[in-house]
Amino acid sequence: MLPLPLRNSLSIDKNISTNFDSIKNEVLDSIDSFIYTKDLSGKYTYANQAVLDLFEKSLTEVIGCDDSQFFDLTRSKQLQKNDRLVMQQDIRVESEESNFIKAKNETLIFKVVKKPLYNRDGIVNGMCGISTDITAEKQLQEQLNEQSYLLDTMLNNIDAHIYVKDCERTFLYVNSRVAELFGDSAENIIGKKDTDILPKYVADLFYQSDKQVFETNKKYVIQETTHNEDGAACHYISTKVPF
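Predicted, not measured: the structure shown is a model, and the values here were computed from it. (Residues numbered from 1 in each chain as written. Predicted model: local features only at pLDDT ≥ 70, side-chain atom pairs only at ≥ 80, totals over all residues. Heavy atoms only, no water.)

1. A few points about the side chain of aspartate 83
Relative to the helices and strands, aspartate 83 is located in helix α4 (residues 77-89). According to the relative accessible area criterion, aspartate 83 is buried, its value standing at 6%. Residues contacting aspartate 83, with those up to four places away along its chain left out, are Lys38, Asp67, Lys114 and Met127. (Helix = DSSP H or I, 4+ residues; strand = E, 2+ residues; numbered from the N terminus. Buried < 20%, exposed > 50% of the residue type's maximum accessible area, 1.4 Å probe, protein only. Contact = heavy atoms within 4.5 Å.)

2. Focus: empty space enclosed by the protein
This model, assessed by the stated rule, comprises 1 cavity of 30 Å³ or more. Computed from the structure, the largest cavity encloses a volume of approximately 140 Å³. Looking at the largest cavity, it is lined by 15 residues, and the ones nearest its centre are Tyr36, Tyr44, Phe71, Asn99 and Ser131. Mapped by element, the contributors of at least two residues to the lining of the largest cavity are β1 (34-39), α2 (49-55), β3 (93-101) and β4 (106-118). (1 Å grid on protein atoms, 1.4 Å probe; cavity = no way out; pocket = protein on both sides within 12 Å on 5 of 7 lines; lining within 4 Å. Points joined across faces, edges and corners; volume = space filled by probe spheres on them.)

3. Observations regarding the pattern of salt bridges
Taken as a whole, this structure holds 15 salt bridges when the rule is applied. As a salt-bridge pair, aspartate 67 and lysine 38 come within 2.6 Å of each other at their nearest N and O atoms. Pair noted here: aspartate 67 is in the loop between α3 (59-62) and α4 and lysine 38 is in strand β1, with a separation of 29 residues, a long-range link. The pair aspartate 67 / lysine 38 is uniform in exposure class, with both members buried. Between aspartate 210 and lysine 240 there is a salt bridge, and its shortest N-O distance comes to 2.5 Å. Here aspartate 210, found in helix α9 (residues 200-216), pairs with lysine 240, found in strand β9 (residues 233-240); they are 30 residues apart in sequence, far enough to count as distant. Neither residue differs from the other here; aspartate 210 and lysine 240 are each classed as buried. (Salt bridge = Lys/Arg side-chain N within 4 Å of Asp/Glu carboxyl O.)

4. Looking at the packing of aromatic side chains
According to the stated counting rule, one finds 8 aromatic pairs in the structure shown. Ring centres of tyrosine 36 and tyrosine 44 lie 6.2 Å apart, and the angle between their planes is 70°; on these two criteria the pair is classed as edge-to-face. For the pair tyrosine 36 and tyrosine 44, one class covers both residues: buried. Aromatic pair tyrosine 44 and phenylalanine 70: ring centres 5.9 Å apart, planes at 75°, arrangement edge-to-face. Taken as a pair, tyrosine 44 in strand β2 (residues 44-47) and phenylalanine 70 in the loop between α3 and α4 lie far apart in primary sequence, 26 residues in all. For phenylalanine 70, a relative accessible area of 3% gives the class buried. Aromatic ring contacts, followed pair by pair, group Tyr36, Tyr44, Phe55, Phe70 and Phe71 into a single cluster. Here the guanidinium or amino end of arginine 75 rests over the ring plane of phenylalanine 100, the centre of that ring lying 3.8 Å away. (Phe/Tyr/Trp six-rings, centres within 6.5 Å; stacked < 30°, edge-to-face > 60°. Lys NZ or Arg CZ within 6 Å of the ring centre and 35° of its normal.)

5. Details of the environment of cysteine 65
Summarising the element assignment, cysteine 65 is placed in the loop between α3 and α4. Given a relative accessible area of 22%, cysteine 65 falls into the partly exposed group. Linking cysteine 65 and lysine 38, residues 27 residues apart in sequence, is a C-alpha distance of 9.4 Å. Apart from residues lying up to four places away in sequence, cysteine 65 is in contact with Gly42, Lys43, Tyr44 and Phe70.

6. Some details on the layout of surface pockets
Reported here for the second largest pocket is a volume of approximately 190 Å³. In terms of lining, the second largest pocket is formed by Leu40, Ser41, Gly42, Asp66, Asp67, Ser68, Leu73, Gln80, Asp83, Arg84, Met87 and Gln88. Considered class by class, the residues forming the lining of the second largest pocket number 3 nonpolar, 5 polar and 4 charged. (Nonpolar A, V, L, I, M, F, W, Y, C, P; charged D, E, K, R; others polar.)

7. Here we look at the pairing of β3
Relative to β4, β3 runs antiparallel, the two sharing 9 bridges. Considered in β4, the bridge of serine 95 is made with valine 112. Hairpin connection, β3 to β4: the antiparallel pair is bridged by 4 residues, and asparagine 105 has positive phi, about 55°. (Pairing = 2+ DSSP bridges.)

So this is what it looks like as structure tokens:
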């Protein structure tokens, strides 16, 4: 029989451990990201509440099961590939995964961070992962890209020179007519200052009206004149709008 002080010490240590586990689980269950651990065979050894809600399962229904129970692995190939990289090569993986969730009957896109777990001898005995659902963000980005493409198509087919500059005289956008006028591609012009693209006296001339727009925060419609390389005068009716 253990001496009373020792029994009390063991009891206190057990209570502290139990309380810590309870607090840890409460914290992990309050996080919206999906947090989980797996053993070397790919079976779940832990899943927080977000994972259980995603799978529509209880903890006892998840622990000891592998991903084939919850994902259509023929449509979730990056998932297993990342797991193998972590556990077989002992590396940390940051990636995106498109995984088909059986319970939801849909594909969701996750940003994942996966790391190996080790036993007391420093040998890999599993992995832990944190997955964040970025499906809505990816869909929004696709919509923005599509809108940007449509807008760019329209602006490139307008018979006008259209550009956007900031107050530091840096080009933020040019359409194809401006790129053609400057004799360079739009990609090479964007991000550069007007003095990097044009002769300084020409850039300074156009900047006079730009400066008025920045200082007054008002729309300006003016006539601007410059000369091409052959010395011929080029006249423009310019509409400049602050934003």
